[in-house]
Amino acid sequence: MAKLLLLLAALGSAAAGAAYASAEVSHFTLANGLEVVVVPDHRAPVVTHMIWYKVGAADETPGKSGLAHFLEHLMFKGTEKNPGDAFSRQVAEIGGQENAFTASDYTGFFQRIPRNNLKEVMALEADRITGLVLTDDVVRPELNVVLEEQNMRVANNPAARLSQQMDAALYLNHPYGRPVIGWRQEIERLDRDDALTFYKRARAMRLKCSPMCWAVAKTAAFTASWWSTKGSH
């Protein structure tokens, strides 16, 4: 029985892989500079919408390590149009999932939602590209969250501490030598002004570097038509 289940699982995986490989991927750049990749996947009525900014930890100002990762956290703190946790709440109300990630060269945000709600999520994402609102009451507690994350992932993990020191030694005088989460003594000094300055700078770099939006959608036409109207963002 176990062998039969294993065989069925293998066949199912192979079939899914074949279907995915045969998908007609669309890859194009809009007039406003946004690079779009659409990967059709019709196995479920679900859409994964991702936006990737070509800005990461390597773009931080020296002495401000951890700023890109800190800003990733703050991007969930609301805009004037969608204050507080309105973004996350709306995603949750439609049964969706969301998260984000930061690396040396990019920062990404994604939502996995019912396909009928793609337009609403695109609007939410476009809003926080330019409309982020930050106050000290929001920034200071979130800094403590990041510091606790640094404790969990690095300070209490000997292997992670060794990896950080090795990268620092291998990439002398190079941005890759800085840990993405940041050096603790530098994280502790980050504040609202640092976050807003990097946000505005990253926004300018985003336009310059033609960011990527990966949308697993039913058609490329819908994704293109919607984001092409967002040239001002």
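The structure we're discussing is the one just above.
Throughout, residues of each chain are indexed from 1 in the direction in which the sequence is written. Thresholds applied to this predicted model are a pLDDT of at least 70 for local features of residues and 80 or more for the giving and counting of side-chain atom pairs; totals over whole chains, interfaces and linings are not thresholded and use all residues. Processing note: side-chain calculations cover all non-hydrogen atoms of the structure and skip hydrogens and water entirely.

Colleague: For this particular structure, what's the right way to read the packing of aromatic side chains?
Modeller: The geometry of an aromatic ring pair is captured by two quantities: the separation of the ring centres and the angle between the planes. Geometry of aromatic contacts follows a simple scheme: Phe, Tyr and Trp rings, the Trp one being its six-membered ring, pair when their centres are within 6.5 Å, and the pair is stacked under 30 degrees between planes, edge-to-face over 60, tilted otherwise. Taken as a whole and judged by the stated rule, the model has six aromatic pairs. Ring centres 5.1 Å apart and planes at 45° place the aromatic pair Trp-52 and Tyr-106 in the tilted group. Of this pair, Trp-52 sits in strand β3 (residues 46–53) while Tyr-106 sits in the loop between β4 (97–102) and β5 (107–114); the two residues are 54 residues apart in sequence, bridging distant segments of the chain. Ring centres of Phe-76 and Phe-109 lie 5.9 Å apart, and the angle between their planes is 50°; this geometry places the pair in the tilted category. Note that Phe-76 is positioned in the loop between α2 (67–74) and α3 (86–93) and Phe-109 in strand β5, a separation of 33 residues in sequence. Only protein chains enter the accessibility calculation, which uses a 1.4 Å probe; a residue is then buried when its area is under 20% of its type maximum, exposed when over 50%, and partly exposed in between. Taking the relative accessible area as the measure of exposure, Phe-76 reaches 18% and is therefore buried. Of the residues examined, Phe-109 reaches a relative accessible area of 2% and is grouped as buried. Clustering of aromatic rings is evident, with ring pairs tying together Trp-52, Phe-101 and Tyr-106. Remark: a charge is flagged as sitting over a ring if the NZ atom of Lys or the CZ atom of Arg is within 6 Å of the ring centre and within 35 degrees of the ring normal. Arg-128 extends its terminal NZ or CZ atom over the ring of Phe-87, reaching a point 4.1 Å from the ring centre. Runs of E in the DSSP output that reach at least two residues are strands. Runs of H or I that reach at least four are helices, and both are numbered from the N terminus.

Don't take any of this as a statement about function, it's just geometry.
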